[in-house]
Amino acid sequence: MDKMIIHGGAPLKGAVTVSGSKNATLPILMASLLTDEPCTIRNVPRLRDVNTALALLRGLGVQSEWTGDHALAIHAEHVISHEAPYELVKTMRASFFVLGPLLARVRRAKVSTPGGCAIGARPVNLHIIGIRALGARVQLRGGYVEAHADQLRGARIWLDAPSVGATENIMMAAVLADGKTTIENAAREPEVQDLAKFLVAMGANVRGAGTHVVEIEGVERLHGADHEMIPDRIEAGSLMVAAAITGGDVSIRNVPVDQLEAVIVKLRETGVSVIAADGGVRVTGGGALRPVELRTLPYPGFPTDLQAQMMALLTQANGTSVITETIFENRFMHALELMRMGADIVMKGPTAVVRGVPRLQGAPVMATDLRASMGLILAGLSAENHTEIGRVYHLDRGYEALDAKLSSLGARIERLKDSAPA
Ligand code: UD1
């Protein structure tokens, strides 16, 4: 397994471009199952999770081919299987997104449940409540969700929590259902909006994505579509923190500024300068950092996927910050690793109290999940001496060409092959 060595202390300087959004891409790839016509998806990030999604789709009979660096031709002419095996779902929870499209297209699906993961229980009950409401019969057997429906029928569905994945799965099941579906308390995340845009381009009738109520009028069939992925707001936010934590000066291009308001507000509260211009931002750090209080919340609140990165930054503030994680239980694994680097953090339930220290020190640390690993990289970039991050494969799931991007800004990063098992 790869390790990453970061020699900290270099202020990042220069310009960097944000890639396409991972979390928007994954459901859109699954949605290609909804038509027997070819689709083209552009600005697709080259990531391990995207490869996993394509492998899963290949097993179902979906053909895909890169037709450019980031352009993908994808064609589900014949669906030959309706099963998403455990081996793939366990490596990527988003594999569960095939449930809705498979049910809609071939009327049956057998999808492994994702099981536990490093950031808490993450159940799929809301996905199942949703497809049951649409008339699917669902059984849980041998670790698999087995669902079938001769004809899905539109329904009114109220989500207990505004789950991104459940909203997306239900939308994809409902587009070919008979009649009208209303999802209340739907997730409002930009990725949900992007999926709706793709579905509409395929001929679906979806209204209200981006609000709490999504309405879907089922249609008979969908056709091929051409779609360009939105930029990755989490990568953009992570790069913003990279500039801030190193006291650097970085121009970040292709930033979905409107989607990052909560993050920009918090960064400015710490004293970091964020100036938006020409579809990008210029982030300048270097002054004393002020502590802040923040809570992760569903969109448009502060994203949980940037909590670890922000915690890394706040270890460097002049004073005490309070971070409350309201989306996932057990999403402070990175805090324990940051403490190994000299951070002063006390955790109580969903709250972490972060007392700023003058300088973190490099240490061997272990990445536990995708976003936590980014938090550790950011800490390493600002730390004294060198930081050695193990299990860095988590990172390749979700950040395109990160080493190259950070190195181009002056970061000193190397990868080492490690023969030890994961
Ligand atoms: C998506 C993102 C992930 C992000 C998360 C929250 C993708 C591929 N992943 O994950 O990066 O961190 O949104 O913004 O887009 N819940 C239930 N029952 C369910 C489903 C969810 O109780 O059936 C709970 C979860 O445990 C969690 C909350 O709802 O507490 C939000 O989860 P959800 O929005 O579903 O996250 P994902 O779609 O898995």
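Rules and cut-offs
Residues numbered from 1 in each chain as written. Predicted model: local features only at pLDDT ≥ 70, side-chain atom pairs only at ≥ 80, totals over all residues. Heavy atoms only, no water. Pairing = 2+ DSSP bridges. Helix = DSSP H or I, 4+ residues; strand = E, 2+ residues; numbered from the N terminus. Axes fitted to C-alpha atoms, helices over the stretch in contact; angles between N-to-C directions. Buried < 20%, exposed > 50% of the residue type's maximum accessible area, 1.4 Å probe, protein only. Contact = heavy atoms within 4.5 Å. Polar contact = N/O pair within 3.5 Å; in protein donor to acceptor, adjacent residues only side chain to side chain. Patch = residues over 30% accessible without salt bridge, like charges linked within 9 Å, V, L, I, M, F, W, Y side chains within 5 Å. Areas by Shrake-Rupley, 256 points an atom, 1.4 Å probe, with all protein chains shown as cover. Salt bridge = Lys/Arg side-chain N within 4 Å of Asp/Glu carboxyl O. Near = heavy atom within 4 Å. Nonpolar A, V, L, I, M, F, W, Y, C, P; charged D, E, K, R; others polar. Phe/Tyr/Trp six-rings, centres within 6.5 Å; stacked < 30°, edge-to-face > 60°. Lys NZ or Arg CZ within 6 Å of the ring centre and 35° of its normal. Arc of directions from axis to C-beta. Parallel < 35°, antiparallel > 145°, perpendicular 65-115°, else oblique. Left-handed = near helix turned anticlockwise from the far one by under 90°.

S.K.: Account for the sheet that holds strand β15 (residues 249-253), with residues named and values stated.
M.R.: Either a parallel or an antiparallel arrangement is found when strands of a sheet pair, and the pairing is made through backbone hydrogen bonds. The four strands lie next to each other as β2-β15-β17-β16, forming an open sheet whose pairing is mixed. Taken across any chain shown, the strands that pair with only one partner, and hence form the sheet edges, are β2 (13-17) and β16 (273-277). Looking at each pair of strands side by side, their axes are set apart by 15° on average, direction ignored. Two strands pair when backbone bridges link them, and β15 and strand β17 (residues 280-284) are joined in this way by four bridges, in the antiparallel orientation. Paired with Ile 252 across the two strands is Val 281, which belongs to β17.

S.K.: Give a description of the environment of Arg 415 that names residues and reports values.
M.R.: In this fold, Arg 415 is placed in strand β24 (residues 412-417). Overall, the relative accessible area of 26% leaves Arg 415 in the partly exposed class. Note: C-alpha distance between Arg 415 and Pro 11 (404 residues apart in sequence) is 20 Å. The contact partners of Arg 415, leaving out residues within four places of it in the chain, are Asp 2, Lys 3, Met 4, Val 392, Leu 395, Asp 396 and Asp 403. Side chain to side chain, Arg 415 and Asp 2 meet in a polar contact 3.5 Å long. There is a polar contact of 2.9 Å between the side chain of Arg 415 and the side chain of Asp 396.

S.K.: So, a nonpolar patch on the surface: which residues are in play, and what are the values?
M.R.: A cluster of nonpolar side chains, namely Leu 336, Met 339 and Met 347, defines an oily patch on the protein surface of about 230 Å² accessible area. Position of Met 339 relative to the elements: it lies in helix α11 (residues 333-340). Look at Met 339 and you get partly exposed, because its relative accessible area is 33%.

S.K.: Outline the site of the ligand, listing residues and values.
M.R.: The immediate surroundings of the ligand are formed by 17 residues, with Asn 125, Leu 126, Ser 163, Asp 305 and Ile 327 found nearest. One nitrogen or oxygen atom from the side chain of Asn 125 is found 2.6 Å from a nitrogen atom belonging to the ligand. At 2.8 Å from an oxygen atom of the ligand is found a main-chain nitrogen or oxygen belonging to Gly 165. Burial of the ligand by the protein amounts to 84% of the accessible area it has alone, namely 740 Å². Take the shell around the ligand: its biggest share by element is three residues, from helix α5 (residues 125-133). Within the shell around the ligand, the residues separate by chemical class into seven nonpolar, six polar and four charged.

S.K.: Summarise the sheet that holds strand β8 (residues 137-141); cite the residues concerned and give the values.
M.R.: Spatial ordering of the open sheet is given by β6-β7-β9-β8, a layout of four strands whose pairing is mixed. Two strands bound the open sheet, and with one partner strand each, they are β6 (83-84) and β8. Relative to strand β9 (residues 144-148), strand β7 (residues 108-112) runs antiparallel, the two being bridged by five bridges. If you follow Lys 110 over to β9, its bridge partner there is Glu 146.

S.K.: Outline the packing of aromatic side chains, listing residues and values.
M.R.: Think of a pair of aromatic rings as described by two things: how far the centres are apart, and how the planes are tilted against each other in angle. Taken as a whole and assessed by the stated rule, the structure comprises zero aromatic pairs. The positively charged end of Arg 46 is found above the aromatic ring belonging to Trp 66, 3.7 Å away from the centroid.

S.K.: How would you sum up α11? Please name residues and give values.
M.R.: Those residues of α11 lying buried are His 334, Ala 335, Glu 337 and Leu 338. Down the axis of α11, the smallest arc covering the buried residues is 165°, so these residues share one side. On its buried face, α11 sits against α10 (307-314), β20 (344-348), β22 (364-366) and α12 (370-382). Looking one or two residues beyond α11, the residue adopting positive phi is Gly 342, at roughly 100°.

S.K.: An account of the packing of α10 against α11 is needed here, citing residue identities and associated values.
M.R.: Running from N to C, α10 and α11 point in directions that differ by 25°, and their axes come no closer than 10 Å. It follows that α10 is roughly parallel to α11 by the angle criterion. Where α10 crosses over α11, the handedness of that crossing is right-handed. Together, Gln 307, Ala 308, Met 311 and Ala 312 of α10 and His 334, Ala 335 and Leu 338 of α11 make up the contact between the two elements.

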